[in-house]
Amino acid sequence: MEIVTRFAPSPNGPLHLGHALAAIVAHDLAREAGGRFLLRIEDIDGPRSRPDMADEFRRDLEWLGLEWEDVPAQSTRLDSYAAAAGRLRERGLLYPCTCTRREIEVAASRKGPEGWVYPGTCKRRPPDPALPAALRLDIERALEATGELRWIDALAGEQVADPGRGGDVVIVRKDLPASYHLAATLDDAADGVTLVTRGADLFEATHVHRLLQALLGLPVPRWHHHRLLLDGEGRKLAKRRGSPALSDRREAGEDGLMLARQLRFRNLQLGT
Ligand code: GLU
Ligand code: ZN
């Protein structure tokens, strides 16, 4: 099977070292296997997306010495998201939710991988149709339809899908025709991605993606969740904590190929 990987950044802030590692891992795994490496811009988060950023990203990748194929950005694929959501809805697997972030925080009793776990409030009481609604996936019902599912991570091995850990996730946002989960799952299938690589911080999301693949009859790729670069205090690198933008380093004249070599070395040390 041909190896097809992708790097899928969101243009709502500059790339930093963590993104560089993600791109390098995806690129190298494809190259080592004689496969293809794709760049997909995840730009459906309209208000936060900045179109000029995507070109900045390409300059960053070039600076790191990577070569890629462009595939269409998410904003061009909204119809496919709406169609898939419609199919799930027809099967009674989605339900409207009008809860605000604040309401969820108050009602939730536990935190999951993505923050407070939605306690299913709107599943039990039909919400006010006058309020803006998101659509959530009824995970329990969905799993009844699919039965047990498995997926394979190159580092962590075979997993039994456990998509309920984060509660009933949002599939269609109040303000957008898709959530990250729906869009990324559909796009990876449409782009023919056979090896989904991304940071270990998105490991939990894969349980949901595997379920969506089963529900929507999509091909099942393999995954490679790479370890994260951490700062001196063991926290994930983040722009707000001073991890410098790649574009700043590039414009300051730093050697991008050297940086890429250092990141490959760090990644080996981290054990991927
Ligand atoms: N757009 C996502 C991000 O920037 C990509 C997640 C993924 O690779 O699936 O984190
Ligand atoms: Zn709700």
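Owing to the predicted nature of the structure, the values given are computational and were not obtained by experimental measurement. (Residues numbered from 1 in each chain as written. Chains lettered and ligands numbered in written order. Predicted model: local features only at pLDDT ≥ 70, side-chain atom pairs only at ≥ 80, totals over all residues. Heavy atoms only, no water.)

Trainee: Quick question: what am I supposed to make of the coordination of the zinc ion (ligand 2) here?
Mentor: Around a metal, the idealised angle for a tetrahedral arrangement of four donor atoms is 109.5 degrees; for an octahedral arrangement of six donor atoms it is 90 or 180 degrees. Note on the zinc ion (ligand 2): its protein donors are Cys97 (SG), Cys99 (SG), Tyr118 (OH) and Cys122 (SG). The metal-donor distances range over 2.0 to 2.4 Å. Positions of the donor residues of the zinc ion (ligand 2), expressed as sequence spacing, correspond to C-x1-C-x18-Y-x3-C. (Donors = N, O, S within 2.8 Å, 3.2 Å for Na, K, Ca; no water.)

Trainee: Hey, could you run me through the site of ligand 1 in this one?
Mentor: The local shell around ligand 1 consists of Arg6, Ala8, Ser10, Glu42, Tyr180, Arg198 and Leu202. With respect to ligand 1, the side chain of Ser10 contributes an N or O atom lying 2.9 Å from a nitrogen atom. Arg198 is positioned with one of its side-chain polar atoms (N or O) 2.9 Å from an oxygen atom of ligand 1. When isolated, ligand 1 has an accessible area of 300 Å², and the protein chains bury 77% of it. A breakdown of the residues in the shell around ligand 1 according to their chemical character gives three nonpolar, one polar and three charged. (Near = heavy atom within 4 Å. Polar contact = N/O pair within 3.5 Å; in protein donor to acceptor, adjacent residues only side chain to side chain. Areas by Shrake-Rupley, 256 points an atom, 1.4 Å probe, with all protein chains shown as cover. Nonpolar A, V, L, I, M, F, W, Y, C, P; charged D, E, K, R; others polar.)

Trainee: What exactly am I supposed to notice about the side chain of Asp187 here?
Mentor: Of note, Asp187 is situated in helix α7 (residues 180-190). Taking relative accessible area as the criterion, Asp187 reaches 1% and is therefore assigned buried. What Asp187 contacts, discounting residues up to four positions off in sequence, is Arg40, Gln74, Arg77 and Tyr81. (Helix = DSSP H or I, 4+ residues; strand = E, 2+ residues; numbered from the N terminus. Buried < 20%, exposed > 50% of the residue type's maximum accessible area, 1.4 Å probe, protein only. Contact = heavy atoms within 4.5 Å.)

Trainee: What is the right way to read the pairing of strand β8 (residues 150-153) from this model?
Mentor: In summary, the side chains of a regular strand alternate between the two faces of the sheet. Only one face of β8 is buried, namely the one carrying Trp151 and Asp153, since none of Arg150 and Ile152 on the opposite face is buried. The turn joining β8 and strand β9 (residues 157-160), which pair antiparallel and follow one another in sequence, is formed by three residues. (Pairing = 2+ DSSP bridges.)

Trainee: Just to check I follow, could you spell out the nonpolar core for this structure?
Mentor: Among soluble globular proteins, nonpolar side chains are generally buried collectively. Core analysis: the largest hydrophobic core is formed by 34 residues, its most contacted members being Leu88, Leu137, Ile171 and Leu182. Excluding residues that lie within four positions of it along the chain, Ile171 makes contacts with Leu88, Leu94, Leu135, Arg136, Leu137, Ala178, Ser179, Leu182 and Leu212. Of all hydrophobic cores here, the second largest spans 28 residues; its members include Leu21, Trp63, Leu64 and Leu66. (Core = buried A, V, L, I, M, F, W, Y, C linked by side-chain atoms within 4.5 Å.)

Trainee: Explanation requested: the sheet that holds strand β2 (residues 36-39) in the structure shown.
Mentor: For sheets, the rule is that strands pair by backbone hydrogen bonds, running either parallel or antiparallel. Pairing is parallel across the open sheet formed by three strands, whose spatial order is β1-β2-β3. Of all strands in the sheet, those bounded by a partner on one side alone are β1 (4-7) and β3 (69-70). Here β2 runs beside β3; their pairing, made up of two bridges, is parallel. Paired with Leu38 across the strands is Glu69, a residue of β3. Packing of helix α1 (residues 17-32) onto the sheet brings it into contact with β1 and β2, and relative to β1 it is tilted by some 165°. (Axes fitted to C-alpha atoms, helices over the stretch in contact; angles between N-to-C directions.)

Trainee: Just to check I follow, could you spell out the sheet that holds strand β10 (residues 170-172) for this structure?
Mentor: With respect to topology, three strands assemble into an open sheet ordered β4-β7-β10, the strand pairing being antiparallel. A strand with exactly one partner marks an edge of an open sheet, and here the two such strands are β4 (94-97) and β10. Sheet twist, expressed as the average angle between the axes of neighbouring strands with direction ignored, equals 45°.

Trainee: Mind showing me how you'd approach the packing of helix α3 (residues 78-90) against helix α8 (residues 203-216) here?
Mentor: Packed helix pairs are characterised by how far apart their axes lie and by the angle those axes make with each other. It is at 11 Å that the axes of α3 and α8 come closest, and there the two elements cross at 80°. Judged by the angle between their axes, α3 and α8 are roughly perpendicular. Taken together, the residues of α8 that come into contact with α3 (itself represented by Ala84, Arg87 and Leu88) are Leu212, Leu215 and Leu216. (Parallel < 35°, antiparallel > 145°, perpendicular 65-115°, else oblique.)

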